[in-house]
Each structure stands twice: as C-alpha cells, then as structure tokens.
Amino acid sequence: MLEEKLENRNIKPTTMRLLVLRQLVECGSAISLKDLESKFEKADKATLYRTLKTFEENKLIHGIEDGTGSVKYALCEEGCECAPQDQHIHFHCVQCGETYCLTQSKIPQTQIPIGFNASSSSMVYKGTCANCQ
C-alpha cells in the first residue's frame, strides 16, 4: 500500500521514503521536521528534509503554517493537486500542539483583485482539540 502511494505520485519508493510515509500515515496529525527527527534518531536531517520536499513537490503531502514557527506536514487526500480549490481548513490545538486537517471543510473561495494570482491559501483555527478537552 505504501509503495503504491509513492508510485502513484511518481516517487521512487526508497527505504527512507517508505519509513517517513509510514510515520505520516500512522501519526494522524501533521508532523514537523523536528518531530520526524525525533522518530528517526539516526537519520540525517538533510535526508528527512529532502524526503518531505520530494513528497510536497509531488503533491503527496502539504505543508501547514499553523503559527508555531515551524511548518508541519500532512498527507494529501486522493486526487488532491494542492490547488487553492483543493485546500482545506486546519485546526491547531494550543494545549497539546497537534495540528489536524479538517478535510471536510474547504477554504471558502473569495474574489481576489484582477491581476492577482493566488497559488495557495491557508486557514487555521486555534483552540483545544477533542483529546485535550
């Protein structure tokens, strides 16, 4: 299943890529490079970063700037092309620090001025998640 996910996005399934993908699948919330480093103590930080960038460039994952100062990454839904109309709302728990994708809630489409070209959008709710309540 993991190899197929990579191959569907034209990503060669190396051992490190499979390990990182497994971690993203099992995590259930967005994960930062720092979080990944703690999971793979012997892995090189540059290799982990390149793996995340490869995944992001091939639209397997998307980056989330949740206001914590570090980008977190989460798996894209099937068929996502990371275009503005594909993007969804995120929720950042201020108590536990987890960031969740609210994939059922798309970011509302808005009119932008003529001559502007939006390449991404972001919307993050902050509060307390169900696990921390």
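Below or above, wherever it landed, is the structure these notes cover. (Residues numbered from 1 in each chain as written. Predicted model: local features only at pLDDT ≥ 70, side-chain atom pairs only at ≥ 80, totals over all residues. Heavy atoms only, no water.)

For the rest of this paragraph, the subject is the nonpolar core. By size, the foremost hydrophobic cluster in this structure holds 17 residues, and its most contacted members are L6, V20, L36, L52, F55, L60 and I61. Secondary structure elements with two or more residues in this core: helix 1 (2-8), helix 2 (15-27), helix 3 (33-39) and helix 4 (45-57). No other element matches helix 2, which puts four residues into this core. Leave out the neighbours within four places in its chain, and L6 touches I11, P13, R17, L18, L21, F55 and L60. (Core = buried A, V, L, I, M, F, W, Y, C linked by side-chain atoms within 4.5 Å. Buried < 20%, exposed > 50% of the residue type's maximum accessible area, 1.4 Å probe, protein only. Helix = DSSP H or I, 4+ residues; strand = E, 2+ residues; numbered from the N terminus. Contact = heavy atoms within 4.5 Å.)

Moving on: the layout of surface pockets. Taken as a whole, the largest pocket holds about 420 Å³ of empty space. Mapped by element, the contributors of at least two residues to the lining of the largest pocket are helix 4, strand 2 (61-64) and strand 4 (88-93). Broken down by element, the lining of the largest pocket gets its largest block of residues, four residues, from strand 2. The residue makeup of the lining of the largest pocket, split by class, is eight nonpolar, nine polar and six charged. (1 Å grid on protein atoms, 1.4 Å probe; cavity = no way out; pocket = protein on both sides within 12 Å on 5 of 7 lines; lining within 4 Å. Points joined across faces, edges and corners; volume = space filled by probe spheres on them. Nonpolar A, V, L, I, M, F, W, Y, C, P; charged D, E, K, R; others polar.)

Attention shifts here to the sheet that holds strand 3 (residues 72-75). The sheet built from three strands is open, its strands ordered 1-3-2 with antiparallel pairing. The open sheet has two edge strands, strand 1 (31-32) and strand 2, and neither has a second partner. Inspection of the sheet shows strand 2 paired to strand 3 by four bridges, in the antiparallel sense. Looking at the pairing, G63 lines up with Y73 of strand 3. Strands in contact with helix 2 are strand 1, strand 2 and strand 3; relative to strand 3, the strand with the most contacts, it is inclined by about 85 degrees. This element, helix 4, spans strand 2 and strand 3 of the sheet and lies at about 110 degrees to strand 2. (Pairing = 2+ DSSP bridges. Axes fitted to C-alpha atoms, helices over the stretch in contact; angles between N-to-C directions.)

Function-wise, these values are silent; they only describe arrangement.
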